[in-house]
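So the chains spell out like this:
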Amino acid sequence: VIYGIKVLPIGCPYIIIAEQAMEAVSELLNPGSFLMDSLPILKYLPEWMPGAGFTTKARTWRQVFTQALVVPFNACKKALVGQSFITSFTVN
């Protein structure tokens, strides 16, 4: 509907990216799952410091969220240039 992308029944890269993003969101929204929720100053700790593993997760999640936005949009742009697009919100 948004990008006009046909989804494969098995192993669709768009679905895989969306599932990874949803897993990250569910972990992020779990209250108290990170000590940084209680002590916001901890977000300034370097990654190498013990107990700062959340910074590594945050970097990974940022890549996942960026892919969730960019990959489908680029596929839509590619289809639009090739004149093989399906009518969708992005095309209109």
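Attention in this report is confined to the structure presented alongside it. (Residues numbered from 1 in each chain as written. Predicted model: local features only at pLDDT ≥ 70, side-chain atom pairs only at ≥ 80, totals over all residues. Heavy atoms only, no water.)

## Some thoughts on the overall build of the protein chain
When its secondary structure is counted, the protein chain shows two helices and zero strands. Rg of the C-alpha trace for the protein chain: 18 Å, well past the compact-globule value of 12 Å for 92 residues, more than 25% over. Projected onto its principal axes, the C-alpha coordinates of the protein chain cover approximately 50 × 25 × 20 Å. Here the protein chain, with 92 residues, has 16% of them falling under the buried criterion. Split by element, the accessible area of the protein chain, about 7100 Å² in all, is 66% carbon and sulfur. Computing the positive centroid from 7 side-chain charges and the negative centroid from 5, the protein chain places the two 13 Å apart. (Helix = DSSP H or I, 4+ residues; strand = E, 2+ residues; numbered from the N terminus. Rg over C-alpha atoms; globule rule 2.2 N^0.38 Å. Buried < 20%, exposed > 50% of the residue type's maximum accessible area, 1.4 Å probe, protein only. Areas by Shrake-Rupley, 256 points an atom, 1.4 Å probe, with all protein chains shown as cover. Lys, Arg positive; Asp, Glu negative; His and termini not counted. Charge placed at Lys NZ, Arg CZ, Asp CG, Glu CD.)

## Thoughts on the nonpolar core
Counting six residues, the largest nonpolar core consists of Ala24, Phe34, Leu42, Ala52, Phe54 and Trp61. Those residues in contact with tryptophan 61 that sit more than four places away from it in its chain are Ala24, Glu27, Leu28 and Phe34. (Core = buried A, V, L, I, M, F, W, Y, C linked by side-chain atoms within 4.5 Å. Contact = heavy atoms within 4.5 Å.)

## Points about the state of the cysteines
Counting across every chain of the model gives zero disulfides. Just so you know, cysteine 12 is unpaired, no disulfide at all, and the nearest cysteine sulfur is the one on cysteine 76, 14 Å from it. (Disulfide = S-S within 2.5 Å.)

## Focus on the pattern of salt bridges
Applying the stated criterion across every chain yields a total of two salt bridges. One salt bridge in this structure joins glutamate 27 and lysine 57, with 2.8 Å as the shortest N-O distance. Taken as a pair, glutamate 27 in helix H1 (residues 13-28) and lysine 57 in helix H2 (residues 53-81) lie far apart in primary sequence, 30 residues in all. Glutamate 47 is the salt-bridge partner of arginine 59, the closest N and O atoms lying 1.8 Å from each other. Placement of the pair is arginine 59 in helix H2 and glutamate 47 in the loop between H1 and H2, with a sequence separation of twelve residues. For arginine 59, a relative accessible area of 41% translates into the label partly exposed. Looking at glutamate 47, the relative accessible area reads 37%, which means it is partly exposed. (Salt bridge = Lys/Arg side-chain N within 4 Å of Asp/Glu carboxyl O.)

## Focus: the side chain of threonine 55
Looking at where threonine 55 falls in the secondary structure, it is placed in helix H2. Of the residues examined, threonine 55 reaches a relative accessible area of 15% and is grouped as buried. Ignoring sequence-local partners within four residues, the contact set of threonine 55 consists of Leu45 and Glu47.

## As for a nonpolar patch on the surface
Together, Leu35, Leu39, Ile41 and Tyr44 make up an exposed nonpolar region whose accessible area comes to about 480 Å². Topologically, leucine 39 is positioned in the loop between H1 and H2. (Patch = residues over 30% accessible without salt bridge, like charges linked within 9 Å, V, L, I, M, F, W, Y side chains within 5 Å.)

## So, H1
Across its 16 residues, H1 extends 23 Å between first and last C-alpha, which sits within 8% of the 22 Å expected from 1.5 Å per residue. Among the residues making up H1, those that are buried are Ile17, Ala21 and Ala24. Along H1, the residues classed as buried sweep out an arc of 60° about the axis, all on the same side. With respect to the buried face of H1, the exposed residues turned more than 90 degrees away are Met22 and Glu23. Against the buried residues of H1 lie H2. (Expected span 1.5 Å × (residues − 1). Arc of directions from axis to C-beta.)

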